[in-house]
Amino acid sequence: MMGSGKTAVGTALARMLNVPFLDSDHEIERAAQMSVAEIFARDGEPFFRARESEVLERLLSGPPGVISTGGGAFLAESNRALIARLGVSIWLRADLNLLWNRVRHKNTRPLLRTADPKATLSALLEAREPHYSQAQLVVEAEPELSITDMAKKVVQTVKQVDGLIEERNDA
């Protein structure tokens, strides 16, 4: 969900695992040479979601890394299946108040450009939680944890699943 820490925690996680960090929204923006908000405004959400799926498949088919998807990517069954087949899905679960505190001062969220953005965020969270709950792993976002500590929490959660992270001894 927007504001859960996908980009910040994902970047720290990738550093810890010594793999690249990729953001699907950034990859879409780079290819289109316009922002997600501009794509939404010009071409609409269905067009954006189609490009998002294409980019996600390309990223997942590449070398191992940490991929942050936009909050809507996991809503599509085909994207959930693709992620399960080629990677592992992790939901950084955060409550409404934490999400709102993180996004309320940003104007880069096209879905929150409404008369009552907090109510919109609440409705989005409620609608999306059933989809997000299908993630292979769930890590509770804790507002008092630093970005690094949240990334460590993700690593500990992933390590509990045999075979997800290869232990390497580079001695």
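As the structure is a computational prediction, the values presented were derived from the model and not from experiment.

### A word on the overall build of the protein chain
Next up, step 1: Along the backbone of the protein chain there are eight helices and four strands.
Next up, step 2: Traced from its N-terminal end to its C-terminal end, the protein chain shows the element sequence α-β-α-α-α-β-α-β-α-α-β-α.
Next up, step 3: Its C-alpha atoms give the protein chain principal-axis dimensions of about 55 × 35 × 25 Å.
Next up, step 4: Long-range pairs, those at least 24 residues apart, make up 67% of the contacts in the protein chain with a sequence separation of at least 6.
Next up, step 5: Accessible surface for the protein chain amounts to roughly 9800 Å². Of this, 51% is attributable to carbon and sulfur atoms.
Next up, step 6: Each charge class in the protein chain was averaged separately, 21 positive and 23 negative side chains, and the resulting centres sit 3 Å apart.

### Examining the side chain of T69
Next up, step 1: Within the fold, T69 resides in the loop between β2 (66-68) and α5 (77-86).
Next up, step 2: On the basis of relative accessibility, which here comes to 16%, the residue T69 falls in the buried class.
Next up, step 3: If near-sequence neighbours (up to four positions away) are discounted, T69 is found in contact with K6, S24 and L56.

Thresholds, definitions, all that
- Residues numbered from 1 in each chain as written.
- Predicted model: local features only at pLDDT ≥ 70, side-chain atom pairs only at ≥ 80, totals over all residues.
- Heavy atoms only, no water.
- Helix = DSSP H or I, 4+ residues; strand = E, 2+ residues; numbered from the N terminus.
- Contact = heavy atoms within 4.5 Å.
- Areas by Shrake-Rupley, 256 points an atom, 1.4 Å probe, with all protein chains shown as cover.
- Lys, Arg positive; Asp, Glu negative; His and termini not counted.
- Charge placed at Lys NZ, Arg CZ, Asp CG, Glu CD.
- Buried < 20%, exposed > 50% of the residue type's maximum accessible area, 1.4 Å probe, protein only.

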